[in-house]
Amino acid sequence: MPAGGFAVAPAGVEFEAKITPIVIISCIMAATGGLMFGYDVGISGGVTSMPAFLKKFFPVVYRQTLRDEDSNYCKYDNQGLQLFTSSLYLAGLTATFFASYTTRTLGRRLTMLIAGVFFICGTVFNAAASNLAMLIIGRILLGCGVGFANQAVPLFLSEIAPTRIRGGLNILFQLNVTIGILFANLINYGTSKIEGGWGWRLSLGLGGIPAAMLTIGALLVVDTPNSLIERGRLDEGKAVLRKIRGTDNIEPEFNELVEASRVAKLVKHPFRNLLKRRNRPQLIIAIALQIFQQCTGINAIMFYAPVLFNTLGFGSGASLYSAVITGAVNVVSTVVSIYSVDKLGRRILLLEAGVQMFLSQVVIAIVLGIKVTDTSNDLHKGYGILVVIMICTFVSAFAWSWGPLGWLIPSETFPLETRSAGQSVTVCVNLLFTFVIAQAFLSMLCHFKFGIFLFFSGWVLVMSFFVLFLLPETKNIPIEEMTERVWKQHWLWKRFMDDYEVEGDGFNGDGPKKIGHSNGFNPGSQL
């Protein structure tokens, strides 16, 4: 039996909102886009630490790993090797612009299907690669899949989820990212032991499994009522709304969705509208969260965990094993976030994690500064265990805070008429800085040495102060009420809301009682 409940409408009307099996299943199927993304993140670091892979595609790096006279921190410093990892994110950045259009005109479901097809094609190219060009083409195709999936999946999840569990269901995407990373680490650990040096092909080829799951899932799920109504398919939108609600009492909510769609269509230039004064707080916060998320250093650790552990003196097998441990911690901590985000709130999780990440990175830097030099990486067993524990402490803090909330907060703060454009900007900024970190990390490790962890800990300090003073709490607040209850109450952002009343009246013509609702309404808060 589906759980029953009510989502409160802006005017005080209570819409029936049962948590039906079709909502849960649809969210699980859609969130497999995160599984593919996570697999891509985790697999690249593992295969780049495999000698057979390096010997075939990056012989210069392979020879560097064998030479004792090279600095421990610089063995993997190679722009080509970094391009193998980072090309995916540059392609994803480009694909996002097209994904914004397809999300609006074709719907969330078809956009996820396109992502699945890109993922499958990229996996085939990578597994069959005979030269570096094929390898990079495969990564670019995977990147296109990432761009389309990261655009459509968070929107799909936030639009179909009931308000009271919106945070938890939205974090399903991030949970699948962490599960994908863990699976990738486990597979790399197994395939590294295969005789004959072809284990890397199996690692890259098994990405076809989550790719197929996303493709099949996109064929099976229903599109969101928001998307259907937005494209003029009102009868179909009403039928889907009735199905996902598990009730026939949907008329009031359906009318709200139709009105919200009508208002959104009055905005002809959503990207230009993003720059309007009243939308700047959401835009600033969305961009800042994506930059800060990458500047925690998490993806540097997740991309290159096996390489990093190799650098610190762990053997090849031990480094992959340590990466599996951090991947498992990542998954468990993300589950913690699902249960706590709608109870404790967004700010508490981010601030607590800031303290935890800062301290763990400082400890890592101190240990490495003392024990790992250019020519000696004798960590000893005790120090090695301490480094792994501290990295796990850092990963766990990120996984219940900046990881999922970096996606959740932007998806629930943009008003309907700029949601697709806002999500597009969010994904673009995220992928741009992911590309920068992926392309630069091994070179930064070479030049900064143990100071790389102090560099990232400094950023953690900055972002924690940003959260403390500039990020409002959005826990359990329907998206259509964000303007009145969040932005107009904040000590700084309320100054940007002074043009809201004039434009609100222009849209609705209903007087003051609906000011802000037309611009701030997102039916996803009700679904």
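Rules behind the numbers
One numbering rule holds for all chains: residues counted from 1, following each sequence as written. In keeping with the model being predicted, local features are shown solely for residues with a pLDDT of at least 70 and side-chain atom pairs are shown and tallied solely at 80 or more, while totals for entire chains, interfaces and linings include all residues. As a rule here, side-chain values come from all non-hydrogen atoms in the structure, and water together with hydrogens is ignored. We count a stretch as a helix when DSSP gives it H or I for four or more residues in a row; a strand needs E for two or more, and each element gets its number in order from the N terminus. Think of it in three bands: residues with accessible area under 20% of the maximum for their type are buried, residues over 50% are exposed, and the middle band is partly exposed, with areas taken using a 1.4 Å probe on protein chains only. Two residues qualify as a contact provided that any one of their heavy atoms is within 4.5 Å of a heavy atom in the partner residue. Accessibility throughout is a Shrake-Rupley quantity obtained with a 1.4 Å probe, and a residue counts as covered only by protein chains that appear here. Disulfides are defined as pairs of cysteine sulfur atoms found within 2.5 Å of each other. Residue types Ala, Val, Leu, Ile, Met, Phe, Trp, Tyr and Cys, when buried and joined through side-chain atoms within 4.5 Å, form a set referred to as a nonpolar core. When a carboxyl oxygen of Asp or Glu is within 4 Å of a side-chain nitrogen of Lys or Arg, the pair counts as a salt bridge. One number per residue, pLDDT, summarises how confident the predictor is, and it ranges from 0 to 100. In summary, the pairing rule links any two rings of Phe, Tyr or Trp, Trp by its six-membered ring, whose centres are within 6.5 Å, and it sorts them by plane angle into stacked for under 30 degrees, edge-to-face for over 60 and tilted for everything else. Any Lys NZ or Arg CZ that is within 6 Å of a ring centre and within 35 degrees of that ring's normal is treated as a charge sitting over the ring. Lines fitted to the C-alpha atoms define the axes, with helices restricted to the stretch that makes contact. Angles between their N-to-C directions range from 0 to 180 degrees. An angle below 35 degrees is treated as roughly parallel, one above 145 as roughly antiparallel, one from 65 to 115 as roughly perpendicular, and anything else as oblique. Left-handed describes a crossing in which the near helix is turned anticlockwise from the far one by less than a right angle; the clockwise case is right-handed. Throughout this entry, Asp, Glu, Lys and Arg are counted as charged residues, while Ala, Val, Leu, Ile, Met, Phe, Trp, Tyr, Cys and Pro are counted as nonpolar. The remaining residues, Gly among them, count as polar. The positive count covers Lys and Arg only, the negative count covers Asp and Glu only, and His and the chain ends enter neither. Multiply 1.5 Å by the residue count of a helix minus one, and that product is the helix's expected span. The arc in question is formed by the directions pointing from the helix axis toward the C-beta atoms. Here a cavity means grid points, on a 1 Å grid over the protein atoms only, where a 1.4 Å probe fits yet cannot get out; a pocket means an open set of points with protein on both sides within 12 Å along at least five of seven lines; lining residues are those with an atom within 4 Å of a point. Grid points are joined across faces, edges and corners, and a volume is the space filled by probe spheres set on the points. Patch criteria: residues need more than 30% relative accessible area and no salt bridge. Like-charged residues are merged within 9 Å; nonpolar side chains of Val, Leu, Ile, Met, Phe, Trp and Tyr are merged within 5 Å.

Attention now goes to the overall build of the protein. Scanning the protein for helices and strands turns up 25 helices and two strands. Scored against the burial criterion, the 527 residues of the protein give a buried share of 62%. Sequence separation of at least 24 residues holds for 78% of the intrachain contacts in the protein that already meet a minimum separation of 6. Here the protein displays about 18600 Å² of accessible surface, and carbon together with sulfur accounts for 68% of that area.

The subject of this paragraph is the state of the cysteines. This structure, assessed with the given rule, holds one disulfide. Across the disulfide from cysteine 74 sits cysteine 446; the S-S distance is 1.9 Å. Between cysteine 74 and cysteine 446, the S-S dihedral sits near 90°, and the bridge is therefore right-handed. Note that cysteine 74 is positioned in the loop between α4 (59-66) and α5 (79-105) and cysteine 446 in helix α21 (residues 419-448), a separation of 372 residues in sequence. Cysteine 446 matches cysteine 74 in its accessibility class, with the two residues each being buried.

All right, on to the nonpolar core then. Phe53, Phe119 and Trp402 are the most contacted members of the largest nonpolar core, which has 144 residues in total. Contacts of phenylalanine 53, omitting those with residues within four sequence positions, involve Val47, Thr48, Phe58, Phe84, Leu135 and Trp200.

Taken as a whole, this structure holds ten salt bridges when the rule is applied. Measuring nitrogen to oxygen at the nearest pair gives 2.9 Å for the salt bridge that ties arginine 233 to glutamate 236. A salt bridge links aspartate 248 to arginine 242, with the shortest nitrogen-to-oxygen separation between them at 3.4 Å. Of the residues examined, aspartate 248 reaches a relative accessible area of 62% and is grouped as exposed. With a relative accessible area of 33%, arginine 242 lands in the partly exposed category. Connected through salt bridges with shared partners, the residues Asp342, Arg346 and Glu412 form a single ionic network.

Below, the discussion takes up the confidence of the model for the protein. Summarising the model, the protein shows a mean pLDDT of 82, and 88% of its residues fall at 70 or more. Mean pLDDT values over the elements of the protein span from 29, in strand β1 (residues 6-8), up to 95, in helix α22 (residues 451-470). Below pLDDT 50 for its whole length, residues 1-14 participates in 39 contacts with residues either more than four positions away or in separate chains. Residue range residues 502-527 is modelled with pLDDT below 50. Its contacts to residues more than four positions away, or to other chains, number 94 contacts.

A word on the packing of aromatic side chains. Tallied over the entire structure, the rule returns 15 aromatic pairs. Considering the side-chain rings of phenylalanine 57 and tryptophan 200, the 5.1 Å spacing of their centres and the 85° angle between planes classify their relative orientation as edge-to-face. With phenylalanine 57 in helix α3 (residues 51-57) and tryptophan 200 in helix α9 (residues 199-205), this pair connects stretches of sequence that are 143 residues apart. Ring-pair connections join several aromatic residues into one group, and the members of that group are Phe53, Phe57, Phe58, Phe84 and Trp200. Sitting above the plane of the phenylalanine 57 ring, lysine 56 keeps its charged end 5.7 Å from the centroid. In this structure, arginine 139 packs its charged tip against the face of phenylalanine 84, placed 4.9 Å from the ring centre.

So, about the packing of helix α18 (residues 346-371) against helix α19 (residues 380-399). Remark: α18 packs on α19, axes separated minimally by 8 Å, with the N-to-C direction vectors making an angle of 155°. Judged on the interaxial angle alone, α19 and α18 are roughly antiparallel. Once α18 is placed against α19, the crossing between them reads as left-handed. Note on element contacts: α19 touches α18 through His380, Tyr383, Leu386, Val387, Met390, Ile391, Thr393, Phe394, Ser396, Ala397 and Phe398, opposite Ala353, Gln356, Met357, Ser360, Gln361, Val363, Ile364, Val367, Leu368 and Lys371. Considering only residue class, the contact of α18 with α19 consists of 14 nonpolar, six polar and one charged.

Checked against the element boundaries, aspartate 40 lands in helix α2 (residues 32-47). Lacking a salt bridge, the buried aspartate 40 has arginine 139 as its closest oppositely charged neighbour, with an N-O distance of 4.8 Å. Residues contacting aspartate 40, with those up to four places away along its chain left out, are Leu88, Phe119, Arg139, Leu142 and Val146.

Side chains that are three or four residues apart share a direction in an α-helix, a result of its 3.6 residues per turn. With 13 residues, helix α10 (residues 208-220) should cover 18 Å at 1.5 Å per step; its first-to-last C-alpha distance of 18 Å lies within 8% of that length. Within the span of α10, buried status applies to Pro210, Ala211, Leu214, Thr215, Gly217 and Ala218. The arc that holds the buried residues of α10, viewed along the axis, is 165°, so those residues lie on one side. Exposed positions of α10 whose direction lies more than 90 degrees from the buried face are Ile209 and Leu220.

Throughout the structure, instances matching the rule amount to five cavities of 30 Å³ or more. Taken together, 16 residues make up the lining of the largest cavity; nearest its centre are Phe37, Gln174, Val177, Asn299 and Phe398. Looking at the lining of the largest cavity residue by residue, the class counts come to eight nonpolar, eight polar and no charged. Looking at the second largest cavity, its volume works out to about 50 Å³. Those elements that place two or more of their residues in the lining of the second largest cavity are α2, α6 (108-127) and α7 (132-160). No other element matches α2, which puts four residues into the lining of the second largest cavity. Tallied by class, residues from the lining of the second largest cavity come to five nonpolar, three polar and two charged.

Let us now look at a nonpolar patch on the surface. Together, Leu461, Phe465, Leu468, Phe469 and Trp491 line one region of the surface with nonpolar side chains, adding up to about 520 Å² of accessible area. Tracing the backbone through its elements, the reader meets leucine 461 in helix α22.

Another aspect to go through is the environment of methionine 482. With respect to the helices and strands, the residue methionine 482 is situated in helix α23 (residues 482-485). Remark: the alpha-carbon pair of methionine 482 and glutamate 412, spanning 70 residues in sequence, is separated by 8.7 Å.

Pairs of packed helices are described in terms of their axes, by the angle between the two and the distance that separates them. One can describe the packing of α5 onto α7 by two numbers: an axis separation of 6 Å at closest approach and a directional angle of 45°. Put simply, α5 runs oblique to α7. Remark: the crossing between α5 and α7 carries right-handed chirality. A breakdown of the residues in the contact of α5 with α7 according to their chemical character gives 15 nonpolar, ten polar and one charged.

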